[in-house]
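# Per-entry structural report
Spelled out, the chains give:
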Amino acid sequence: MSATVPTAPTPIVEPAAARALPLAVLGTFAATAAALSGIVALSGKPGWWPALAAATAVAFAGAIASVAVLRRAAGKRVDEAVTLAMAASLVRIAVSAVGVLVAVKTLGPVAEATGFMICGYYAVTLAAETVLLSRAAGGHESPLAPAATDKTTIARTTE
């Protein structure tokens, strides 16, 4: 006779927390833009301002596209939300890659700076989305982890 393992309710991404995503990404984006502007101002390289403008435009387009994908995670199971997060990252990578190619064609020698700045925006946006998504999931355990947490249930399942 086998023991019955209790199952936990399927964790979902809280819709209210998922709705906060655009504002959180916008705030993070603005802070990153300010930091990059400070770096460009301190660098003494006036040719980097067009690179910053291009990077900001490309990163903003990528952030909008990824947030549009990730907002669909509201009310979904956590495993579905993780899949959507990966899709959002791929969308942002695609937009960024196209933006870097356009920057290389149009900006010439400062295109490398544009690429580095886009990478900065990408990393910060990814971090903001990841933190907010994990909070929206409410800190639930992985759906792949055993639902049993007390010693008696674990003992029964290992007999």
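Right, let's walk through the structure included here. Nothing here was measured: the structure is a model prediction, and the numbers come from that model. (Residues numbered from 1 in each chain as written. Predicted model: local features only at pLDDT ≥ 70, side-chain atom pairs only at ≥ 80, totals over all residues. Heavy atoms only, no water.)

## Quick word on the environment of Ala24
- Position of Ala24 among the secondary structure elements: in helix α2 (residues 21-43).
- Taking the relative accessible area as the measure of exposure, Ala24 reaches 28% and is therefore partly exposed.
- Sequence spacing of Ala24 and Val131 is 107 residues, and the spatial spacing of their C-alpha atoms is 10.0 Å. (Helix = DSSP H or I, 4+ residues; strand = E, 2+ residues; numbered from the N terminus. Buried < 20%, exposed > 50% of the residue type's maximum accessible area, 1.4 Å probe, protein only.)

## A closer look at the packing of aromatic side chains
- Enumeration over the complete set of coordinates arrives at two aromatic pairs.
- Ring pairs connect the aromatic residues Phe29, Phe60 and Tyr121, which therefore count as one cluster. (Phe/Tyr/Trp six-rings, centres within 6.5 Å; stacked < 30°, edge-to-face > 60°.)

## Quick word on the packing of α2 against helix α5 (residues 111-136)
- Following both chains from N to C, one finds α2 and α5 inclined at 150 degrees, their axes separated by 9 Å at the closest point. Between α2 and α5, the interaxial angle falls into the category roughly antiparallel. Our pair here, α2 against α5, has a crossing hand that is right-handed. Between α2 and α5, the residues in contact are Leu21, Ala24, Val25, Thr28, Phe29, Thr32, Ala33, Leu36 and Val40 and Met117, Gly120, Tyr121, Val124, Thr125, Ala128, Glu129 and Leu132, respectively.
- Across the contact of α2 with α5, the residue classes tally to 12 nonpolar, four polar and one charged. (Axes fitted to C-alpha atoms, helices over the stretch in contact; angles between N-to-C directions. Parallel < 35°, antiparallel > 145°, perpendicular 65-115°, else oblique. Left-handed = near helix turned anticlockwise from the far one by under 90°. Contact = heavy atoms within 4.5 Å. Nonpolar A, V, L, I, M, F, W, Y, C, P; charged D, E, K, R; others polar.)

Such coordinate-based values are descriptive only and should not be taken to indicate function.
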